[in-house]
Amino acid sequence: SDGDTPALLCAYGSPTGHDALSCLQLFEAAGADLALVGRGGVNLAMMLARYQGDGPWLGWCYSQAGVDPQDTCAKRRTVVDYIALHGQDESD
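Remember, predicted model here, so these are calculated numbers, not experimental data. Each chain has its residues counted from 1, running along the sequence as written. Per-residue local features of the predicted model are confined to residues with pLDDT of at least 70, and side-chain atom pairs are confined, for both listing and counting, to 80 or more; whole-chain, interface and lining totals are unaffected and use all residues. Note that water and hydrogens are dropped before the side-chain values are worked out from all heavy atoms of the structure.

A.B. asks: Before we move on, can you summarise the side chain of Ser14 with the specific residues and values?
C.D. replies: The helix count covers DSSP runs of H or I at least four residues long, the strand count covers runs of E at least two residues long, and both are numbered beginning at the N terminus. Along the polypeptide, Ser14 turns up in the loop between α1 (6-13) and α2 (17-29). Exposure classes here rest on a 1.4 Å probe applied to the protein chains alone. A residue is buried below 20% of its type maximum, exposed above 50%, and partly exposed in between. Looking at Ser14, the relative accessible area reads 14%, which means it is buried. Here a polar contact is taken to be a pair of N or O atoms separated by no more than 3.5 Å, where protein atoms must pair a possible hydrogen donor with a possible acceptor and residues adjacent in sequence count only if both atoms sit in side chains. There is a polar contact of 2.7 Å between the side chain of Ser14 and the backbone oxygen of Cys10.

Encoded structure:
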């Protein structure tokens, strides 16, 4: 999608959170800036929370990828809000 980084697309499109984390670790090793945000101000942890749910990939975002756990998106949502949306239809 327009405005999404390869890392965000990986978080969205991976079949599992563990697959996403493996992919993201490769991006990190290659020097990618994983703290970049996509359209709507959504960061990597938010995208992972929305599409992969809660898991070790979120802690990795904070400790390794440089994502701030207190960030909010343009809709004023936090990672916790995105975890709550995991598994729901994409109406919003």
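A.B. asks: If you had to explain unusual backbone geometry to someone new, which residues and values would you point to?
C.D. replies: With phi around 65°, Arg76 is a residue other than glycine that occupies positive phi space. With respect to the element layout, Arg76 can be found in the loop between α4 (56-63) and α5 (79-85). A residue is classified by how much of its surface remains accessible, and Arg76, at 63% relative accessible area, is exposed.

A.B. asks: Describe the packing of aromatic side chains, listing the residues and the values that go with them.
C.D. replies: Aromatic rings from Phe, Tyr and Trp, with only the six-membered ring used for Trp, were paired whenever their centres fell within 6.5 Å, and each pair was classed as stacked if the ring planes differed by under 30 degrees, edge-to-face if by over 60, and tilted otherwise. Enumeration according to the criterion identifies 1 aromatic pair in this entry. Where Tyr12 meets Tyr51, the ring centres are 4.7 Å apart and the plane angle is 85°; that geometry is what we call edge-to-face. With Tyr12 in helix α1 and Tyr51 in helix α3 (residues 44-52), the pair connects residues that are 39 residues apart, well separated along the chain. Judged by its relative accessible area of 44%, Tyr12 is partly exposed.

A.B. asks: Describe α1, with residues and values.
C.D. replies: Among all positions in α1, only Ala7, Leu8, Cys10 and Ala11 are buried. All buried residues of α1 lie within an arc of 155° about the axis, which places them on one face of the element. When the buried face of α1 is taken as reference, the exposed residues oriented beyond 90 degrees from it are Pro6 and Gly13. Packed against the buried residues of α1 are α2 and α3. As used here, the arc is the angular range of directions from the helix axis to the C-beta atoms. Throughout, a contact is declared for two residues whenever any of their heavy atoms are within 4.5 Å.

A.B. asks: Hey, could you go over the packing of α1 against α3 for me, with residue numbers and the actual values?
C.D. replies: The convention used is that axes are lines fitted to C-alpha atoms, helices contributing only their stretch in contact, and that angles between N-to-C directions extend from 0 to 180 degrees. Relative orientation of the contacting elements α1 and α3 amounts to 15°, with a least axis distance of 8 Å. In terms of orientation, α1 lies roughly parallel with respect to α3. Where α1 crosses over α3, the handedness of that crossing is right-handed. Each of Ala7, Leu8, Ala11 and Tyr12 in α1 lies in contact with α3, whose residues at this interface are Leu44, Met47, Leu48, Tyr51 and Gln52. Working rule for angles: under 35 degrees goes down as roughly parallel, over 145 as roughly antiparallel, 65 to 115 as roughly perpendicular, anything else as oblique. Crossings are classed by handedness, with left-handed meaning an anticlockwise turn of the near helix from the far one by less than a right angle and right-handed meaning a clockwise turn.

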